[in-house]
Structure formats: C-alpha cells, structure tokens
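Examination of the molecular architecture
Each chain, written out:
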Amino acid sequence: MNWIIILITDGASTSGYSPVEISRQLKGNGVIIFAVGVAQVNTDEVKSVASSKDHIYILKDFDYIKSINEYLKKETNEVSWDYTPDHFMCDSFCENRTNCCDFHAKCYCGTRGGDYECVCDAGYQGTGHRHQCQMCPKGTYKKFNRKALRKCPEHSTTPGEGSTSFDDCKCEIGYEKIAKFCQPIKCAQLESPDGGLLIPTNCSDTFGSKCSLRCKEGFCPFSCHLASANPSILPWNRSPLPTRQCLETGKWTGEDFFCEKMRCPVLDSPLHGKDNCSGLHFVFGTTCQFDCEAGYELQGSRLRTCLVDGTWTGSQTHCEEIKCEPLKHNMQLKVKPEKCSNQKMPFRSKCR
C-alpha cells in the first residue's frame, strides 16, 4: 500500500530542513505527495515537492480546499474497504437516514480515501444501498470487502449464484485447470496408419476433436473380408468413414485405426508344378509365377498379380502331361509295346 502526503502551503519554506530534499527522500520510498499552494505561493518549490505535475494544485484561496479534498478522494481510487461498526456513518445515503445499507451489505470505510460506503457482502453485487444487493451471477464471484465483480476465467464457471472466491470457478467439462487457466483436455495424438490417412491430416488431439480415417487404394479400414469386386463399393470408397472423437476422459471413442491390405484368394501350386510368389499372404500387389516339372506343359497364365479389388489377373493354371504321337513304322516290323504304335505315349515312355 502506498502512503499519501498532502502538503498545503500559502507561501515558502522559511526554516528547518529543506522540503525539497525531504520530499525527494519520501518519493524515493514510494510516498505519493500532493502539493497544494494557496494564494501567494512559491510555485517552483511546490513543483519540486509534488510527485508529478498531476499532483500539483494552485488555489486562489482556502475556500477551494473542500472541493479539492473531494477530488483527491476520487483520485485515490478505492479498491478495498474496512468494516466499521459505526453504521450511522452510512445513514446519510437514504431519506429516512437509518438502515441505509442493504440487508446483504455493511458500512465500510475506504482504506485510501477514508470515504464511507455501503458495500455488498461477499457473493453479492450492487451499490450496497437498501434493496440494491443481488447475488453474483453464475460464472462470477466477489470477494469480501471488495466492490468489483470478477468473471471466472474462460471455459470455467461457478456451481451457481453468489460465489465468493476464485476457487469457486471450476473448469467446464472437457477442460482441466493448469495454473489459473482452464485448458482443453488432450487425448493421445492419432497418427496415420500404414496404408491410410487421417482426415483432416492435421487432426487435433484436444477435447471435442473428431478424426476420420481413409484408407489408400488397395487397403481396407480394419478388415477386407467384405471387399467387393465392384469398385464403386470397395472399402476405401465407403461412406461414412470411421470417426473417433476425443472425450473429456482423455480417451478416443472407437477402435484404434488401422488399414488392412486387400487380399486375394490363396493360389495353390499346380499338381506336377510349382509357384514362386513375391509374398506369403497374397495381398494386393503380390505376383506369382508358375512352372511345371519336366514332362509337363503349363496351361493357363504363367504370371498372375493380385489386384486392388481382391482378384487375380490371368486364368487358372495347371500342368498337363506331355505326350508323344504314336510311332509310325513299316507293317513288316513289330513295335513293343504294341500301344506305342496306336496311341500317344507319356513323356519318358520307351518303345522298340
């Protein structure tokens, strides 16, 4: 609290310590000095004593003292008040001059200017005069012996009316108090899964945020077992997309996002043949090459690729046994076994 000195002079200093030097020391200690000069006064000395040019008053005569006194009180800007048991000091505020303060108010004396005033009790606002104190609205509070009503910080409110302390301000759902402010609760930051994208790409992690998933071509949200060969209803084109929301608990709704790569039906190695595939799970993009054992010829597609719609390119493969045409010979010769001359013979058959 700053001390205030009001110096009134009608002339100049004539003896004792220099008022200029004394005032310099006082101002150095934070004392505010108002200098009031009356009639024939040493203006230079008055200016040197005052805290600033705004703290200087030159009066024509002493009749102005009363009006200046009222102005000085206003300059002190009362912010707090001390209770006084002398209620009669506030009885000039109403016509019947008794019980002028409201039932929820008391007579206080300003701690700076010394004015008396009816001040509403903590939790009430108004002039303090009779019937002029109302409970502080929800979301506000007023301390004891203070006139100013204060609002709770953003995203906080009070349980009801008539709050008396900042501690009554509680954060709204989805917010938590950090220092003196209410900050939105955060969920774990979501990341784009392999083969997918978050929508929006800069999806927020704060309370109330909503994030969706879109899988890239050839991937399905969560599972591809319902994939269709019709591109218009493929999983990555489905709507609506899975959506998750950050709750006041700091948790996301729904399941963790992931995208499964589209799979094609399992391809078996052909009988008497073999396959060589680029992957083990026949997912989108897998290629398989087929070959047959010696003596067998490949029928169908040698190279097949798993497409985004879960189907294979090409046609089914199998290995067909290679056969030689019947032997042509002179009728006078005999061929053994006899079937060598009248039917196709499989690879490595021996005829003589």
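Here the structure is a predicted model, which is why all the values come from computation and not from measurement. (Residues numbered from 1 in each chain as written. Predicted model: local features only at pLDDT ≥ 70, side-chain atom pairs only at ≥ 80, totals over all residues. Heavy atoms only, no water.)

Focus on the pairing of strand E1 (residues 4-9)
Judged from the 6 bridges that link them, E1 and strand E2 (residues 32-38) form a sheet pairing that is parallel. Residue pairing for E2: Leu7 is matched across the bridge by Ala35. On the question of chirality, the crossover connecting E1 to the parallel E2 by way of helix H1 (residues 19-28) is right-handed. (Pairing = 2+ DSSP bridges. Helix = DSSP H or I, 4+ residues; strand = E, 2+ residues; numbered from the N terminus. Right-handed = clockwise from strand over helix to strand, strands pointing away.)

Describing the side chain of Thr158
Mapping Thr158 onto the fold places it in the loop between strand E11 (156-157) and strand E12 (170-171). Of note is the side chain of Thr158, whose polar atom sits 2.8 Å from the backbone oxygen of Gly160. With residues near it in sequence (within four places) discarded, Thr158 still touches Pro137, Lys138, Gly139, Thr140, Cys152, Ser163, Asp168 and Cys169. (Polar contact = N/O pair within 3.5 Å; in protein donor to acceptor, adjacent residues only side chain to side chain. Contact = heavy atoms within 4.5 Å.)

Remarks on the state of the cysteines
For the structure on display, the rule yields 12 disulfides. Between Cys120 and Cys133 runs a disulfide, and the two sulfur atoms are separated by 2.1 Å. Measuring handedness by torsion sign, the sulfur bridge of Cys120 and Cys133 sits at about -90° and is left-handed. Of this pair, Cys120 sits in strand E6 (residues 116-120) while Cys133 is found in strand E8 (residues 133-135), placing the two residues 13 residues apart along the sequence. Accessibility classification places Cys120 together with Cys133 in one group, the buried group. The disulfide partner of Cys264 is Cys306, and the gap between their sulfur atoms is 2.0 Å. Between Cys264 and Cys306 the sulfur-sulfur dihedral comes to about 95°; the bridge is accordingly right-handed. Pair noted here: Cys264 is in the loop between strand E19 (259-261) and strand E20 (273-277) and Cys306 is in the loop between strand E23 (303-305) and strand E24 (318-321), with a separation of 42 residues, a long-range link. (Disulfide = S-S within 2.5 Å. Buried < 20%, exposed > 50% of the residue type's maximum accessible area, 1.4 Å probe, protein only.)

Re the pattern of salt bridges
On inspection of all chains with the given rule, the structure shows 4 salt bridges. Between Glu21 and Arg24 there is a salt bridge; the shortest N-O distance is 2.6 Å. With a gap of 3 residues between them, Glu21 and Arg24 both fall in helix H1, about one helical turn apart. Judged by its relative accessible area of 34%, Glu21 falls in the partly exposed class. We note a salt bridge from Asp121 to Lys106, for which the minimum N-O separation is 3.4 Å. Here the residue Asp121 occupies a position in the loop between E6 and strand E7 (124-126), and Lys106 occupies one in strand E5 (residues 105-110), the gap between them amounting to 15 residues. Residue classification places Lys106 among the partly exposed positions, given a relative accessible area of 33%. (Salt bridge = Lys/Arg side-chain N within 4 Å of Asp/Glu carboxyl O.)

Brief notes about the sheet that holds strand E18 (residues 243-245)
Pairing is antiparallel across the open sheet formed by 3 strands, whose spatial order is E15-E16-E18. Strands with a single pairing partner mark the edges of an open sheet, and in this sheet they are strand E15 (196-199) and E18. On average, adjacent strands in this sheet sit at an angle of 25° to one another, irrespective of strand direction. (Axes fitted to C-alpha atoms, helices over the stretch in contact; angles between N-to-C directions.)

Some thoughts on the sheet that holds E20
On the basis of which strands lie adjacent, the open sheet formed by 3 strands has the order E20-E21-E23 and antiparallel pairing. A single partner strand is all that each edge strand has here, and the edge strands are E20 and E23. With strand direction ignored, the average angle separating the axes of adjacent strands in the sheet is 20°. Two elements, strand E21 (residues 287-292) and E23, share 3 bridges in a ladder whose sense is antiparallel. Paired with Gln289 across the strands is Leu303, a residue of E23.

Remarks on the pairing of strand E14 (residues 181-184)
By the bridge criterion, 4 bridges tie strand E13 (residues 175-178) to E14 in an arrangement that is antiparallel. Bridging across to E14, Lys177 finds its partner in Cys182. The turn joining E13 and E14, which pair antiparallel and follow one another in sequence, is formed by 2 residues; a positive phi near 60° is taken by Ala179.

So, the packing of aromatic side chains
Tallying each qualifying case throughout the model produces 4 aromatic pairs. Considering the side-chain rings of Phe34 and Tyr57, the 6.4 Å spacing of their centres and the 25° angle between planes classify their relative orientation as stacked. Of this pair, Phe34 sits in strand E2 while Tyr57 sits in strand E3 (residues 56-59); the two residues are 23 residues apart in sequence, bridging distant segments of the chain. Each member of the pair Phe34 and Tyr57 is classed as buried. Taking the centre distance of 5.9 Å and the plane angle of 75° together, the rings of Phe282 and Trp312 count as edge-to-face. Here Phe282 is found in the loop between E20 and E21, whereas its partner Trp312 is found in the loop between E23 and E24, with 30 residues between them in sequence. With relative accessibility at 11%, the residue Trp312 sits in the buried group. One residue, Arg244, lies across the ring of Phe257, its end atom 5.6 Å from the ring centre. (Phe/Tyr/Trp six-rings, centres within 6.5 Å; stacked < 30°, edge-to-face > 60°. Lys NZ or Arg CZ within 6 Å of the ring centre and 35° of its normal.)

Let's talk about the confidence of the model for the chain
Mean pLDDT over the chain works out to 82, with 85% of the residues at or above the 70 mark. Predicted confidence for residues 227-231 stays below pLDDT 50, and this span has 8 contacts to residues more than four positions away or in other chains. (pLDDT = per-residue confidence, 0-100.)

Some points on the nonpolar core
The biggest cluster of nonpolar side chains holds 12 residues, and these are Cys187, Leu190, Leu198, Cys203, Cys211, Leu213, Cys215, Phe219, Cys246, Trp252, Phe257 and Cys259. Among the elements that make up this core, the one with the highest residue count is strand E16 (residues 210-215) (3 residues). Not counting chain neighbours up to four residues away, the residues in contact with Leu190 comprise Leu198, Cys211, Arg244, Trp252 and Phe257. In terms of nonpolar packing, the next biggest core, distinct from the first, is built from 9 residues, Cys288, Phe290, Leu298 and Cys319 among them. (Core = buried A, V, L, I, M, F, W, Y, C linked by side-chain atoms within 4.5 Å.)

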